[in-house]
Amino acid sequence: MAEIQVSSQPLGTRNGVMKVSGQLDASTFEQMEDEINRLLESGIVGLAADVSGLESASSSGLGLFVNLAETLRDRKGMFLMVNPSGDVREIIALLG
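Quick look at the structure, then. (Residues numbered from 1 in each chain as written. Predicted model: local features only at pLDDT ≥ 70, side-chain atom pairs only at ≥ 80, totals over all residues. Heavy atoms only, no water.)

Pairing is possible between side chains that carry opposite charge, provided their charged atoms lie close to one another. This structure, assessed with the given rule, holds two salt bridges. Between D50 and K19 there is a salt bridge whose closest N-O contact spans 3.4 Å. Taken together, the residues span a long stretch of sequence, with D50 in strand β3 (residues 46-57) and K19 in strand β2 (residues 15-24) at a distance of 31 residues. For D50, a relative accessible area of 19% gives the class buried. Assessed through its relative accessible area of 39%, K19 is described here as partly exposed. Across the salt bridge formed by E35 and R38, the nearest N and O atoms sit 2.7 Å from each other. Taken together, the residues span about one helical turn, with E35 and R38 both in helix α1 (residues 29-41) at a distance of three residues. By relative accessible area, which is 13% here, E35 ends up buried. (Salt bridge = Lys/Arg side-chain N within 4 Å of Asp/Glu carboxyl O. Helix = DSSP H or I, 4+ residues; strand = E, 2+ residues; numbered from the N terminus. Buried < 20%, exposed > 50% of the residue type's maximum accessible area, 1.4 Å probe, protein only.)

As C-alpha cells, this is what we get:
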C-alpha cells in the first residue's frame, strides 16, 4: 500500500509551507486533499510545497496541486511547487 507524508506550517497569517513525501496516487489522494482543504479553510493565500520527497504521483494526484494553484490565484495568492524529483517533473511536463 502506498504511503504519503504531508506536513505544513504557517508563515505568518496568510502563507505557509508544505512538505510532501511518499506516493501521491488513488490510495493517498484523500489524505492530500484533506490537508489542502484544511489549509484553504485556514485562509491561506500563499503556499510553497516542497515535493523533493515525492517519489511518484498520478495525474489525478498532481491535479490536486493544479486546483490548489487556481484557487490561490483566485484569492490573489500564489502556489509554488519546489524541488520535484525527476519522475514527478516528467509527469508535470507530460501534463503541461
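In this section: the nonpolar core. Counting residues in hydrophobic clusters, the biggest one holds 22 residues, and the most contacted among them are M18, V20, L24, M32, L47, F65 and F79. Elements represented by at least two residues in this core include exactly β2, α1, β3 and α2 (59-74). Not counting chain neighbours up to four residues away, the residues in contact with M32 comprise I4, V6, M18, V20, L24, L64 and F65. (Core = buried A, V, L, I, M, F, W, Y, C linked by side-chain atoms within 4.5 Å. Contact = heavy atoms within 4.5 Å.)

Okay, the pairing of strand β1 (residues 4-11) next. Alignment of β1 against β2, held across eight bridges, turns out to be antiparallel. Residue Q9 lies in a different strand from β2, and its bridge partner there is V17. Taking the residues that link successive antiparallel strands as the turn, the β1-β2 hairpin has three residues, and the phi of G12 there is positive, at about 80°. (Pairing = 2+ DSSP bridges.)

So, on to the side chain of E35. Among the polar contacts made by the side chain of E35, one reaches the side chain of S8 at a distance of 2.5 Å. Other than its neighbours up to four places away in sequence, E35 contacts V6, S8 and M18. (Polar contact = N/O pair within 3.5 Å; in protein donor to acceptor, adjacent residues only side chain to side chain.)

Our focus in this paragraph is unusual backbone geometry. Positive phi outside glycine occurs at K76, with the angle close to 65°. Relative to the assigned elements, K76 resides in the loop between α2 and β4 (78-82). Positive phi is not limited to glycine here, since N83 has a value of about 60°. Here N83 lies in the loop between β4 and α3 (86-95).

Here we take up the packing of aromatic side chains. One pass over the structure, following the stated rule, counts one aromatic pair. An angle of 15° between the planes, with centres 5.7 Å apart, marks the rings of F65 and F79 as stacked. Taken together, the residues span a long stretch of sequence, with F65 in helix α2 and F79 in strand β4 at a distance of 14 residues. Residues F65 and F79 agree in their burial class; the two are buried. (Phe/Tyr/Trp six-rings, centres within 6.5 Å; stacked < 30°, edge-to-face > 60°.)

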